[in-house]
Amino acid sequence: MADFTHVKTWSGIVCIAFVVDTFSRRIVGWSAATSKETRLVLDALDMALWQRDRDQHPYTRGELIHHSDAGSQYTSFAPAEHLDRAGIAASIGTVGDAYDNAGS
């Protein structure tokens, strides 16, 4: 499951993207940037995949599902192509209802 948030710091706003492994219930990938461009969420995904390899649990194409809200960082072409190349299924929540994991 993936999402990002904004954190106010003394230096300004920082965007933090993260990927949570729902099986282990831990953050396995994260990324920080001063803008919420697509690269922010791709870096968090790449770290999560690297972490699986590091933990000696490499993934097999077709076994992972990447779930996120319907934000533009996740619905643009770059993340879709990135997930497709990695063999990871994309799952996006619906907008504005109880199934929207982003809240309001």
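Computed from a predicted structure; not experimentally measured.

Right, let's get into the overall build of the protein. Along its length, the protein carries three helices and five strands. Starting at the N terminus and walking to the C terminus, you meet the elements of the protein as β-β-β-α-β-α-α-β. Among the 104 residues that make up the protein, the fraction classed as buried is 30%. Considering only contacts in the protein between residues 6 or more positions apart, those separated by 24 or more positions represent 45%.

Geometrically, a packed helix pair is captured by the angle between its two axes and the distance between the axes. Taken N-terminus to C-terminus, the directions of helix H1 (residues 38–54) and helix H3 (residues 77–86) make an angle of 20 degrees; their axes are 10 Å apart at the nearest point. With respect to each other, H1 and H3 are oriented roughly parallel. For H1 against H3, the interelement crossing comes out right-handed. On the side of H1, the interface is formed by Thr38, Leu42, Leu45, Asp46 and Leu49, while H3 contributes Ala78, Pro79, His82, Leu83 and Ala86. A per-class count over the contact of H1 with H3 returns seven nonpolar, two polar and one charged.

Once that is clear, we can look at the side chain of Ser31. Note that Ser31 resides in strand E3 (residues 26–33). Side-chain polar atoms of Ser31 contact the backbone oxygen of Leu40, separated by 3.4 Å. In this structure Ser31 touches Cys15, Ile16, Ala17, Leu40, Asp43 and Ala44, once residues within four positions along its chain are discounted.

A few words on the packing of aromatic side chains. All told, the structure shown has one aromatic pair when counted by the stated rule. Judged by centre distance (6.4 Å) and plane angle (35 degrees), the ring pair of Phe4 and Tyr74 falls under tilted. Of this pair, Phe4 sits in strand E1 (residues 2–9) while Tyr74 sits in helix H2 (residues 72–75); the two residues are 70 residues apart in sequence, bridging distant segments of the chain.

Calculation criteria
- Residues numbered from 1 in each chain as written.
- Predicted model: local features only at pLDDT ≥ 70, side-chain atom pairs only at ≥ 80, totals over all residues.
- Heavy atoms only, no water.
- Helix = DSSP H or I, 4+ residues; strand = E, 2+ residues; numbered from the N terminus.
- Buried < 20%, exposed > 50% of the residue type's maximum accessible area, 1.4 Å probe, protein only.
- Contact = heavy atoms within 4.5 Å.
- Axes fitted to C-alpha atoms, helices over the stretch in contact; angles between N-to-C directions.
- Parallel < 35°, antiparallel > 145°, perpendicular 65-115°, else oblique.
- Left-handed = near helix turned anticlockwise from the far one by under 90°.
- Nonpolar A, V, L, I, M, F, W, Y, C, P; charged D, E, K, R; others polar.
- Polar contact = N/O pair within 3.5 Å; in protein donor to acceptor, adjacent residues only side chain to side chain.
- Phe/Tyr/Trp six-rings, centres within 6.5 Å; stacked < 30°, edge-to-face > 60°.

In short, the description is geometric, and any link to function would need to be established separately.
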